[in-house]
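# Fold and geometry: a report
So the chains spell out like this:
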Amino acid sequence: MNALILKLLGQRIAIGMLSLLAVSALVFAITTVLPGDAAQEQLGQEATPEALAALRAQMGLDVAAPLRYLYWLGGAVKGNFGNSATASMPVSELVASRLPNSLLLAAVTALFSVPIALALGISSAVWRGSWFDRIASTTAVGVVSVPEFLVATLAVLVFAVKLRWLPALSYASDIESIGQMLRAFAMPVLSLCCVIIAQMMRMTRAAVIDQLEAPYIEMVRLKGASPLRMVVAHALPNAIGPIANAVAFSLSYLLGGVIIIETIFNYPGIAKLMVDAVSQRDMPLVQACAMIFCAGYLILVTLADLSGIVANPRLRHR
């Protein structure tokens, strides 16, 4: 890698770090202005002002918001997100108990969605204008228009209530066989894969078509290269950057969809933990979960930018 690529990589990483810092301040500000707090949630509406003041002082809620943010940021840099206001235990322990479940769900979803979406997108680009391309593109547009909660609700009604093939709730624990794993993850993964595959397939198709219509592909075609060689050896290597962006942006959409899916299927992941924390006004836990989702999104977007930079031949040979 030359100096220009290293400079661009450093700039992207620095921008990602600054974006994460800005997001942390924004998340803290939003959670601060929300009505109510953990003390009010624990003591109820009939609590006396003296009891509320004492509990708020015990939780550290009587400190000014800017100081609380600085204390929280200093601890977050060290990996200490504070203590949960409702569970009376470190936030890091609560997150550590749920994060593997969410990562497992995301990994299984990506394992199925990425190969299928890339295969459909590349095939539609190579055979653009054919009946296969028209059917795949029309289906993708229709699936993208359907939100995850509707797909998940229909899956529950059909496969759990009507057919009784799969359980309505999904648990990541007590899985002792492949069959139990398939039953536990079938409907959440299906609900997430529908939209992700459609989005990734459309962006991959557009990226490959853009390369197939480039002038150098016309030269390759005039030299007598076979269609397979033209796509595999010439078009795809130059489409790695756009395809990496398509994969990263589609998987970043997974971070938002998993909140809905974990709530509907009562999946014990970090998204369900954040939803419960919001209902209980457990702001330290909300902040930690939100920062994890934001960090995951920024990491995926930054990796997409880095892949595009490294895969760009004009930058490699400059």
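This text goes with the structure placed above it.
Residues numbered from 1 in each chain as written. Predicted model: local features only at pLDDT ≥ 70, side-chain atom pairs only at ≥ 80, totals over all residues. Heavy atoms only, no water.

In this structure, the second largest pocket occupies an estimated 470 Å³ of space. Taken together, 22 residues line the second largest pocket, and the ones lying closest to its centre are Phe112, Ile116, Val189, Cys193 and Ile197. For the lining of the second largest pocket, the secondary structure elements donating two or more residues are helix 5 (91-126), helix 6 (131-144) and helix 8 (178-212). It is helix 8 that contributes the most residues to the lining of the second largest pocket, eleven residues altogether. For the lining of the second largest pocket, the per-class residue count stands at 21 nonpolar, one polar and no charged. (1 Å grid on protein atoms, 1.4 Å probe; cavity = no way out; pocket = protein on both sides within 12 Å on 5 of 7 lines; lining within 4 Å. Points joined across faces, edges and corners; volume = space filled by probe spheres on them. Helix = DSSP H or I, 4+ residues; strand = E, 2+ residues; numbered from the N terminus. Nonpolar A, V, L, I, M, F, W, Y, C, P; charged D, E, K, R; others polar.)

Attention now goes to a nonpolar patch on the surface. A cluster of nonpolar side chains, contributed by Phe149, Leu150, Leu154, Leu157, Val158, Val161, Leu163, Trp165 and Ile260, occupies part of the molecular surface with about 800 Å² of accessible area. Here the nonpolar patch takes six residues from helix 7 (residues 148-162), the largest share from any one element. Topologically, Trp165 is positioned in the loop between helix 7 and helix 8. (Patch = residues over 30% accessible without salt bridge, like charges linked within 9 Å, V, L, I, M, F, W, Y side chains within 5 Å. Areas by Shrake-Rupley, 256 points an atom, 1.4 Å probe, with all protein chains shown as cover. Salt bridge = Lys/Arg side-chain N within 4 Å of Asp/Glu carboxyl O.)

The next thing to look at is the packing of aromatic side chains. What characterises a pair of aromatic rings is the spacing of the ring centres plus the angle enclosed by the ring planes. The tally for this structure, following the rule as stated, stands at eight aromatic pairs. Relative to Phe81, the ring of Trp72 has its centre 6.4 Å away and its plane inclined at 50°; by these criteria the two rings are tilted. Among the aromatic residues, those joined into a ring-pair cluster are Phe28, Tyr69, Trp72 and Phe81. (Phe/Tyr/Trp six-rings, centres within 6.5 Å; stacked < 30°, edge-to-face > 60°.)

Another aspect to go through is the pattern of salt bridges. Using the criterion set out here, one finds three salt bridges in the structure. For Asp133, the salt bridge goes to Arg205, with nearest N and O atoms at 2.7 Å. Taken together, the positions of Asp133 in helix 6 and Arg205 in helix 8 put the pair 72 residues apart, joining distant regions of the chain. Accessibility expressed as a relative area gives 23% for Arg205, which makes it partly exposed. A salt bridge links Lys272 to Asp276; the shortest N-O distance between them is 3.1 Å. Here Lys272 and its partner Asp276 are both found in helix 12 (residues 270-279), four residues apart, which amounts to about one turn of the helix. (Buried < 20%, exposed > 50% of the residue type's maximum accessible area, 1.4 Å probe, protein only.)

Right, let's get into the environment of Ser113. Of note, Ser113 is situated in helix 5. In this structure Ser113 comes out as buried when scored by relative accessible area, which is 0%. For Ser113 and Val189, which are 76 residues apart along the polypeptide, the C-alpha to C-alpha distance reads 9.0 Å.

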